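Each chain, written out:
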Amino acid sequence: MEDNSMNHFANATNYDEGVEEVNWFEDVIVDSVTTMAQASLPPDLNVSADGSGDDDDTRLTLAYENLYEVPRTIVERFSDHIKYLDISHNKITNLDAIVHFKHLTSLIVDTNPITENCTLPPLPKLQLLWLNHCKISSLYPWAGKLKESCPNLEYLSLMGNPAAPSYFNGGTFYEYLQYRLFIISKFPSLTHLDDRRVTEDETAEANRLYKRPLVERLVRPGSGGLNQLIHSSVSWNAFQNRISSLWTKDKQGTKNLLI
């Protein structure tokens, strides 16, 4: 990872210099990061108002532009050098055009009508992905497809989606824990999920709970096996209920994970 890569992540709230602004309308472009309370960000992503970084020509924001897709002219002009791209607060439902941004390391897609039917193109260099307040309602098999497209994610945030249960959207702590462990199991390189660091205990429990033999047990004999489960759309509630029953059996006599 480049020496200044954390500066690229950390400087998400700085607009006074360094961001290439593309004004399609008269509205002022505002980064989605400024709409999130600093307290909700991981400590090493917080930045002071006067923070600055190098390689500022690699940052581009198209937030609040009422876009339904990333314009072709933008792709042709900027895709060969942009590393940080913010397309938050638009009406985008398809991210296929992002495939042309070969050097992308940070992508902000907050508050777009993105659903679990939207598959990201291959982005092997992507390290930070924010999909807060979208419309993702099912994690399975969406999370697995995201892992295939973005295998090196270190920072992922899905807060505000129906598939990311929390106290803020009516979810219980147990549902939140199941969601968190499931996502952690998919991304070995993940260091932050939503507003919290990924701990070693979480990683160990996620790998134990969602290892392949356990997942295979979720499929009834004669129902097509794991392949059918992977290629079908399974609601998170149904999936986590089946996990819960198996976890209860597996956890008898063992210590529960405390977070």
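Residues numbered from 1 in each chain as written. Predicted model: local features only at pLDDT ≥ 70, side-chain atom pairs only at ≥ 80, totals over all residues. Heavy atoms only, no water.

## Concerning the state of the cysteines
Taken as a whole and assessed by the stated rule, the structure comprises zero disulfides. Note on Cys134: no disulfide assigned, nearest cysteine sulfur contributed by Cys118 at a separation of 8.8 Å. Taking the relative accessible area as the measure of exposure, Cys134 reaches 5% and is therefore buried. (Disulfide = S-S within 2.5 Å. Buried < 20%, exposed > 50% of the residue type's maximum accessible area, 1.4 Å probe, protein only.)

## Re the packing of aromatic side chains
In the structure shown here, the tally under the stated rule is four aromatic pairs. Pairing Tyr140 with Phe182 gives two aromatic rings, centres 5.7 Å apart and planes at 45°, and the pair type is tilted. Placement of Tyr140 in the loop between β5 (128-130) and α3 (142-149) and of Phe182 in helix α4 (residues 173-186) is noted, with a sequence separation of 42 residues between them. With a relative accessible area of 7%, Tyr140 lands in the buried category. On the basis of relative accessibility, which here comes to 2%, the residue Phe182 falls in the buried class. (Phe/Tyr/Trp six-rings, centres within 6.5 Å; stacked < 30°, edge-to-face > 60°. Helix = DSSP H or I, 4+ residues; strand = E, 2+ residues; numbered from the N terminus.)

## Some points on unusual backbone geometry
With omega at 15°, the peptide bond leading from Tyr140 into Pro141 counts as cis. On the secondary structure map, Pro141 appears in the loop between β5 and α3. Of note in the backbone geometry, His133 takes a positive phi value of approximately 55° without being a glycine. Summarising the element assignment, His133 is placed in the loop between β5 and α3. Among the residues examined, His133 registers a relative accessible area of 52% and is labelled exposed. If you check the backbone angles, Asp194 has positive phi at about 60° while not being a glycine. Locating Asp194 in the fold gives a position in the loop between β7 (192-193) and β8 (196-197).

## Section: the nonpolar core
In this structure, Ile87, Leu107, Leu129, Leu156 and Ile183 are the most contacted members of the largest nonpolar core, which totals 51 residues. Only α2 (72-78), α3, α4 and α5 (200-209) provide two or more residues apiece to this core. Residue contributions to this core peak at seven residues, all from α4. In this view, Ile87 contacts Leu62, Val70, Ile92, Leu95, Ile98, Leu107, Ile108, Val109 and Asn112; residues no more than four positions away in its chain are not counted. In this structure, Ile108, Leu128, Trp130 and Tyr155 belong to the second largest nonpolar core, which totals five residues. (Core = buried A, V, L, I, M, F, W, Y, C linked by side-chain atoms within 4.5 Å. Contact = heavy atoms within 4.5 Å.)

## Examining the packing of α4 against α5
Two elements in contact, α4 and α5, have axes separated by 8 Å at closest approach and are oriented at 85°. For the element pair α4 / α5, the angle class is roughly perpendicular. In this structure, α4 contributes Gln178, Arg180, Leu181, Ile184 and Ser185 to the contact, and α5 contributes Glu202, Thr203, Glu205, Ala206, Asn207 and Leu209. In terms of residue class, the contact of α4 with α5 is made up of four nonpolar, four polar and three charged. (Axes fitted to C-alpha atoms, helices over the stretch in contact; angles between N-to-C directions. Parallel < 35°, antiparallel > 145°, perpendicular 65-115°, else oblique. Nonpolar A, V, L, I, M, F, W, Y, C, P; charged D, E, K, R; others polar.)

## Considering the environment of Met159
Mapped onto the elements of the fold, Met159 is located in the loop between β6 (155-157) and α4. Using a relative accessible area of 21% as the deciding quantity, one classes Met159 as partly exposed.

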